[in-house]
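The lines below spell out each chain.
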Amino acid sequence: MAFAFGKKLWCVRKQLIIILTPFLLLPLIFALPAKEGKCLYVVLLMAVFWCTEALPLAVTALLPICLFPTLGVLPSKLVCPQYFLETNFLFLSGLVMASAIEEWNLHRRIALRVLKIVGVKPAWLVLGMMVTSSFLSMWLSNTATTAMMLPIANAILESLFGDLQTLKENCKLNREEEGLSPVKLQALTSEKEILTVEDRPDMRQKPEGQTLEEIRTESEYQLKVWKGFMICIPYAASIGGTATLTGTAPNLILAGQLKSYFPDCDVINFGSWFVFGFPLMLLFLVLGWIWISFLYGGLNTRLCVQKQDRRAEAEKQAKAIIDDDYKKLGSMKFSEGAILFFFILFAVLLFTRDPKFFQGWSVFFPKGYVSDAVTGVAIVSILFFFPSQKPSLKWWIDWHSPNTEYVPLLSWKKAQDCVPWNIILLLGGGFAMAKACEAKHGQVNPLYFMVPATVSCSFAFMLPVSTPPNSIAFASGHLLVKDMVKTGFVMNILGVLTVSLAINTWGAHIFSLSTIPEWAHLLNTSDSVTDLHNLTQLLDSTVKTSQNFSTFSFL
């Protein structure tokens, strides 16, 4: 009876959370000063709904629109605009550009080209996977990058080591002993077709002349390398997203909250963030590569010494597969070249608008009129009318040519299908919470705490649920929780150390952290916020909000 009742409760758990949580949090309204208590009540309520997904994530993000005005925290005219700040349009332009890149398979050409360059030795392949994943995630979503790269890695690994199930049997392991997820990688993403070893002849050599012990030892090594491949891709995607302002949601949340708290702050933009984030990304990527290669058997004498053995044969087969798939792409088409041109123009214009260490092109416009959002929207708007086929004068004079309408580089339907519009609402919900949590300034540059807190939210490596890329890699069925904990624990430590180094060296110079800027003194200190304790409240809000989005967003 009790068991049956428990099952029924489980079936209605979301409804119970929605009904009970508001009542359980009510004491906060009466235990704290009026506005602070009500603000905390809404923040915690949204946190519970987000973590349990009792309501759809985007619907939870809309709660500030109705709760803040009705509780007397903020009027609706201040809450609603937070959902369409200029930061949201910068984010939107990045997503539209990413959808155009995916439409014409430019990302796949980049990935295969990098793999051809780095070679097929395990350590170099891991480096190639990490470099490619991190670069793509600077512009695409972290989730999309991981979903694209995992099938590529899977095909290469099958050419190197053969079937995974056979490999586990050789290690005297099976799925029940390993406790692996039964979910297949091929079921995770529609991109499974982009690279496959199906319909290719099986060129793998059977291990003739080997003892059972040699087969077992070799299979254990190969299984370790396989796990290293699977785990390096989501980690690199998370690391790469920190290099650009549009690379991941916490970065955009930081930019939006700065605009809300400090309207006169113009320190954080695409260029200045890139100068800070790109070296940090490179440093952490190298450290992560060394650790993953060391842990999973990629660092050995084969890294630099050429040997002729079974592994060398498998490496040749993997190289042949990469070369074959790259050749199938053919020469670069006009549409790919056009997308590449606009992609480079997009990045260059964002970077040079106002990079702080030299005078950008924004000086040709009235101060404060042109932002990164203006640049991004201007470039991606061109994609909707620029032709995907090379224009021809012959078509105009040849009356027998087919009169077909030209196809632009990107259609609005494609953009609608590819852009995760719910993320716009999620960002807006975060900005609305930040607006309600405004605080007085402290005696320190706010960026000294806000920047490390933002970057650290992307450096969550220990658990499958930490980030969407981690979840995708774990769902492939090749990784255990203990694999992620073992690898991610050291990665987390390396992340803390690299962020601390960056913010106290080149970050201090780029953002002028040794001084308290004038814009930090221009906070709204009206009665609605003067009773808040200090800037720590603001920083806590930044961290909590960013952690929510780093779990549920792209990038």
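Note that the coordinates shown come from a computational prediction; the quantities given were computed from them, not determined experimentally.

A. Structural context of the overall build of the protein. When you go through the protein residue by residue, the secondary structure sums to 27 helices and 0 strands. Here the protein holds 555 residues, and the buried ones make up 52% of them. Restricting to contacts in the protein with at least 6 residues of sequence separation, those with at least 24 account for 82%. As displayed, the protein has an accessible area near 25,800 Å², and 65% of this comes from carbon and sulfur atoms.

B. Just the nonpolar core, in detail. Formed by 136 residues in total, the largest nonpolar core has its most connected members in Met 129, Phe 276 and Phe 511. Here this core takes 12 residues from helix α16 (residues 270-295), the largest share from any one element. Look past the residues within four positions of Phe 511 in its chain and what remains in contact with it is Val 267, Ile 268, Ser 272, Trp 273, Phe 276, Asn 445, Leu 447 and Val 451.

C. Representation of the packing of aromatic side chains in the model. In this structure the tally under the stated criterion is 21 aromatic pairs. Ring geometry for Phe 276 and Phe 511: centres 5.3 Å apart, planes at 55°, overall tilted. In this pair, Phe 276 is assigned in helix α16 and Phe 511 in the loop between α26 (506-510) and α27 (535-552), connecting sequence segments 235 residues apart. You'll find Phe 276 and Phe 511 in the same group, each marked buried. A network of ring pairs unites the aromatic residues Phe 135, Trp 139, Phe 270 and Phe 343 as a single cluster. Here the guanidinium or amino end of Arg 13 rests over the ring plane of Trp 10, the centre of that ring lying 4.1 Å away. The ring of Tyr 326 has Arg 109 lying over it, and the distance from NZ or CZ to the ring centre is 6.0 Å.

D. Region of interest: the pattern of salt bridges. Applying the stated criterion across every chain, the model contains 8 salt bridges. Lys 414 is the partner of Glu 103 in a salt bridge, and the nearest nitrogen-oxygen pair spans 3.3 Å. Taken together, the positions of Glu 103 in helix α8 (residues 86-103) and Lys 414 in helix α21 (residues 412-418) put the pair 311 residues apart, joining distant regions of the chain. On the accessibility criterion, Glu 103 (35% relative accessible area) is partly exposed. The closest approach of N and O atoms between Asp 417 and Lys 413, which form a salt bridge, is 3.2 Å. Of this pair, Asp 417 and Lys 413 are both found in helix α21, 4 residues apart, which corresponds to roughly one turn of the helix. As far as the burial class goes, Asp 417 and Lys 413 line up, both exposed. Salt bridges here are not isolated pairs; linked through shared partners, they connect Arg 109, Lys 333 and Glu 336.

Parameters at a glance
Starting from 1, residues in each chain are numbered consecutively following that chain's sequence as written. Where totals are concerned, whole chains, interfaces and linings use all residues; where local detail is concerned, this predicted model gives features only for residues with pLDDT of at least 70, and gives and counts side-chain atom pairs only at 80 or more. In computing side-chain values, all of the structure's heavy atoms are included and hydrogens and water are not. By the criteria applied, helices consist of DSSP H or I runs no shorter than four residues and strands consist of E runs no shorter than two, each listed in order from the N terminus. Per-residue accessibility, obtained with a 1.4 Å probe over protein chains only, is compared with the maximum for each type, and a residue is labelled buried under 20%, exposed over 50%, and partly exposed between these values. Here, two residues are considered to be in contact whenever any of their heavy atoms come within 4.5 Å of each other. Accessible surface area values rest on a Shrake-Rupley calculation with a 1.4 Å probe, where residue burial reflects the displayed protein chains alone. To qualify as a nonpolar core, a set must consist of buried Ala, Val, Leu, Ile, Met, Phe, Trp, Tyr and Cys residues joined through side-chain atoms within 4.5 Å. Here a pair means two rings of Phe, Tyr or Trp (six-membered ring of Trp) with centres within 6.5 Å. Their orientation is stacked below 30 degrees between planes, edge-to-face above 60, and tilted elsewhere. Whether a charge lies above a ring is judged from NZ of Lys or CZ of Arg, which has to be within 6 Å of the ring centre and within 35 degrees of the ring normal. The term salt bridge refers to a pairing of a side-chain nitrogen on Lys or Arg with a carboxyl oxygen on Asp or Glu at a separation within 4 Å.

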